[in-house]
Amino acid sequence: MQQAVAATTGASWAGGPIVNGVASKGEQTVVNPASGEPVGHTADTDAAQIDQAFTAAADSQRAWNRLGGNARADILDKVADLYEQHLNELVAIICREAGRTLNDGISEVREAVDFCRYYANGARKHFSEPTLLPGPTGESNELSLCGRGVFVCISPWNFPLAIFTGQVVAALAAGNGVLAKPAEQTPCIAHRAVQLMHEAGVPEKILHLITGTGAAVGKPLLDDPRVAGVAFTGSTETAKHINMQLAAKDGPIVPLIAETGGQNVMIVDSTALPEQVVDDVIQSAFLSAGQRCSALRILCVQDVIADNLLSMLKGACDELTLGDPSKLDTDIGPVIDEKALGLLETHRARMQQEAKPLFAFDEAKRPQRGTFFGPQVVEIENFDLLKREVFGPFLHVVRFKAEELEDVIRRINATGYGLTFGLHSRIEGRAGAIFKRVDAGNCYVNRDMVGAVVGVNPFGGMGLSGTGPKAGGPHYLFRFANEKTKT
Ligand code: ADP
């Protein structure tokens, strides 16, 4: 696999729009964040192409819906098969275009495959036959699910294949046409995914790839009266902006399914196992260069174990390697682009004034080229210093006394976010009691905060972290559907 990725140096992948099966050539360069080298090309989709895509998807959506859940599921299973057959190629694009490590790239393709198979099964189960509901004798009552129309799916760069695929496949499984807009940083992996979806049998008129920045394509994409729903993953600010735009546009009232950021906290009390905590903190805070919505941002440690734990944590941070994400021994690859790097450097400068440094990555070990940011750990007095999500390998530590536990929980809820939460404690009953009081979509006990296995731990938050329902969960497909009864 490492050789497969290395062999793609100098590759130039297509990353322009695909409308009605026709791929346009792009004149903008897509770069590898680890080296700054070009890896592909893309283009902003123009308003005429977006209009054509809406027309084709709206015209053919009823036929796609009538095809039924079983037939759509067979096509989506074929998408999963094709992803598996093209594993090396997909991992190579993810690593080069998004700077993800090899391990991250492989897990990501697996997650995308899982989404295809899980939603295919959902289509078979819920979208093929009506559900019979009880009614008066002699009367038959049926409840059916059908696609809403044309869905717009807007995805981020941090899981450029898995999130993109999860949204698109869910919308397709439920019987919708789709205009899919990937992040501008990662159009090539989305382009390849759409090619494979078409090859699997998703009609070219049903699924279109709309590339470009939010500023370039957001308005024509979201103002169109044919939008029947939006699935979005990205920042809380963009989700709010889209919500307002949808409320103001002509046409039907449409749902927004949003998965946004987090201000994720782990509580470690005096009964925790320090070795395990250190491993789990490293994974939770620094895996994928901290560029996961679920990543640990604030570690709350009970004061009596704090000195010992933090000294062990510093030792573990010292072992982390920063560098070429296509090498198997790299722990942390680059952050996505100059803008992300700038935000992290600004935060570090602020923390140098306002926080106590605990670990700073040795700058001499930072690669000369590429947008790399080494892991950092600082100690802060309380949460108030962190108003917004800091998206990168930056961990903030807060000490608390045993009698302050309630206050810590109150502060977690007061952030307004509610995505992931971790607890390390061996006090019987504590996990259950805290779980009930913390507002977080995904809670992890005595383990790391990484991992949302499709169908096992469905992923998604509440409050500023999103609307639900959870991706990869049993209720997700329903939000993409209309319900009809026949009596
Ligand atoms: P991030 O900070 O993670 O890049 P964003 O919310 O900016 O998060 O981006 C997530 C996705 O939303 C990307 O595909 C981006 O292009 C898209 N996006 C950003 N602004 C808009 C907008 N105004 N309208 C539609 N899509 C947008």
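Refer to the structure above for everything that follows.
The text that follows walks through the structure, step by step, so that each part is easy to find. Here, residues in each chain are numbered from 1, in the same order as that chain's written sequence. Note on the predicted model: pLDDT of at least 70 is required for a residue's local features to be given, and 80 or more for side-chain atom pairs to be given and counted; whole-chain, interface and lining totals, by contrast, use all residues.

**Comments concerning the sheet that holds strand S7 (residues 141-147)**
To keep it simple, the criterion reads: By definition, two strands form a pair when at least two bridges between them are found by DSSP. Under the scheme used here, helices are H or I runs from DSSP no shorter than 4 residues and strands are E runs no shorter than 2 residues, and both carry numbers assigned from the N terminus. Axis lines are fitted to C-alpha atoms, over the contacting stretch for helices. Their N-to-C directions set the angle, which ranges from 0 to 180 degrees.
Pairing is antiparallel in the open sheet, where three strands are placed in the order S6-S7-S20. Two strands close off the open sheet at either side, each with one partner strand: strand S6 (131-133) and strand S20 (481-486). Taken over all neighbouring pairs, the strand axes of this sheet differ in orientation by 30 degrees on average, direction set aside. Across six bridges, the pairing between S7 and S20 is antiparallel. When the bridges of S20 are listed, Leu145 appears paired with Glu483.

**A closer look at the environment of Ala53**
Note the threshold: Partly exposed residues are those falling between the two cut-offs: more than 12 but fewer than 20 other C-beta atoms within 10 Å of their own, whereas 20 or more means buried and 12 or fewer means exposed, with C-beta atoms placed from the backbone. Contact criterion: two residues are in contact if their C-beta atoms, reconstructed from the backbone, are within 7 Å.
With respect to the element layout, Ala53 can be found in helix H2 (residues 47-67). Take Ala53: there are 29 C-beta atoms within 10 Å of it, and that puts it in the buried class. Separated by 34 residues in the primary sequence, Ala53 and Val19 have C-alpha atoms spaced 5.8 Å apart. Discounting chain neighbours no more than four positions away, the residues touching Ala53 are Val19, Leu179, His208 and Ile210.

**Notes on the nonpolar core**
We count it as follows: Joining buried Ala, Val, Leu, Ile, Met, Phe, Trp, Tyr and Cys residues through C-beta atoms within 7 Å gives a set, and that set is a nonpolar core.
Of all hydrophobic cores here, the largest spans 145 residues; its most connected members are Leu76, Cys116, Tyr119, Ala173, Val178 and Ala180. Broken down by element, the residue count for this core peaks at ten residues, all from helix H5 (residues 102-126).

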